[in-house]
Amino acid sequence: QVQLVESGGGLVQPGGSLRLSCAASGAIFSFNVMGWYRQAPGNKRELVASMPDSGPTTYAGSVKGRFTISRDNKNTVYLQMNSLKPEDTAVYYCKGTKWGTYDSWGQGTQVTVSS
């Protein structure tokens, strides 16, 4: 019933910026935590950033200082990506977690950083 939809991915040159958005629909209740993961072909999915509705955010060391996660409500999350590098190329997935109930994943949006 709950659907997460990512948007904002695409092709960008190194040093450029992208802003990913993830909107939840059909939710009866808000997610306790929302975050972003990414997965490149042949690699395991890794946490990029997460943000609970209360408490500190978490960032992967590789993106600290470049990426910023934010939430403008309980079920919408953004990822501002600056100073993008080729190694940031991956499919980015939005995740929402309702503690004790379920996790929801988006379908993913492709981010390609290349000149």
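Refer to the structure presented above.
These numbers come from a predicted model, not from an experiment. (Residues numbered from 1 in each chain as written. Predicted model: local features only at pLDDT ≥ 70, side-chain atom pairs only at ≥ 80, totals over all residues. Heavy atoms only, no water.)

J.: Honestly, unusual backbone geometry in this entry has me stumped. Any pointers?
T.: Backbone phi values are negative for most residues with the exception of glycine, while trans is the configuration of most peptide bonds. The phi dihedral of Ser83 is positive, around 50°, even though this residue is not glycine. Residue position: Ser83 is located in the loop between strand 8 (76-81) and strand 9 (90-98). (Helix = DSSP H or I, 4+ residues; strand = E, 2+ residues; numbered from the N terminus.)

J.: So what exactly am I meant to see when it comes to the state of the cysteines here?
T.: A covalent bond bridging the sulfur atoms of two cysteines is what the word disulfide describes. Per the counting criterion, the structure on display carries one disulfide. Put simply, Cys22 and Cys94 are joined by a disulfide, and their sulfur atoms are 2.0 Å apart. Between Cys22 and Cys94, the S-S torsion sits near -80°, and that sign places the bridge as left-handed. Taken together, the residues Cys22 in strand 3 (residues 18-25) and Cys94 in strand 9 connect sequence positions 72 residues apart. Owing to a relative accessible area of 0%, Cys22 belongs among the buried residues under this scheme. (Disulfide = S-S within 2.5 Å. Buried < 20%, exposed > 50% of the residue type's maximum accessible area, 1.4 Å probe, protein only.)

J.: How should the pattern of salt bridges be read in this particular structure?
T.: Any two side chains of opposite charge can pair, given that their charged atoms come close. Taken as a whole, this structure holds four salt bridges when the rule is applied. Salt-bridge contacts for Asp88 lead to Arg66; the nearest nitrogen and oxygen are separated by 2.7 Å. Residue Asp88 is located in the loop between strand 8 and strand 9, and its partner Arg66 is located in the loop between strand 6 (58-59) and strand 7 (67-73); the two are separated by 22 residues in the primary sequence. Overall, Arg66 belongs to the buried group, its relative accessible area being 10%. Between Lys95 and Asp103 there is a salt bridge whose closest N-O contact spans 3.7 Å. The partly exposed category is assigned to Asp103, whose relative accessible area is 41%. Salt bridges linked by common partners bring Arg38, Glu46, Arg66 and Asp88 together as one network. (Salt bridge = Lys/Arg side-chain N within 4 Å of Asp/Glu carboxyl O.)

J.: What's the story with the packing of aromatic side chains in this structure? I'm lost.
T.: Aromatic ring pairs are described here by two measures, namely the spacing of the ring centres and the angle between the planes. What the rule picks out here adds up to two aromatic pairs. Considering the side-chain rings of Phe31 and Tyr102, the 6.2 Å spacing of their centres and the 90° angle between planes classify their relative orientation as edge-to-face. Taken as a pair, Phe31 in the loop between strand 3 and strand 4 (33-39) and Tyr102 in strand 10 (residues 102-105) lie far apart in primary sequence, 71 residues in all. Directly above the ring of Tyr78 sits Arg19, whose terminal nitrogen or CZ lies 4.3 Å from the centroid. A cation over a ring is seen here: Arg45 above Tyr93, with NZ or CZ 4.5 Å from the ring centre. (Phe/Tyr/Trp six-rings, centres within 6.5 Å; stacked < 30°, edge-to-face > 60°. Lys NZ or Arg CZ within 6 Å of the ring centre and 35° of its normal.)

What is shown is where atoms sit, not what they do.
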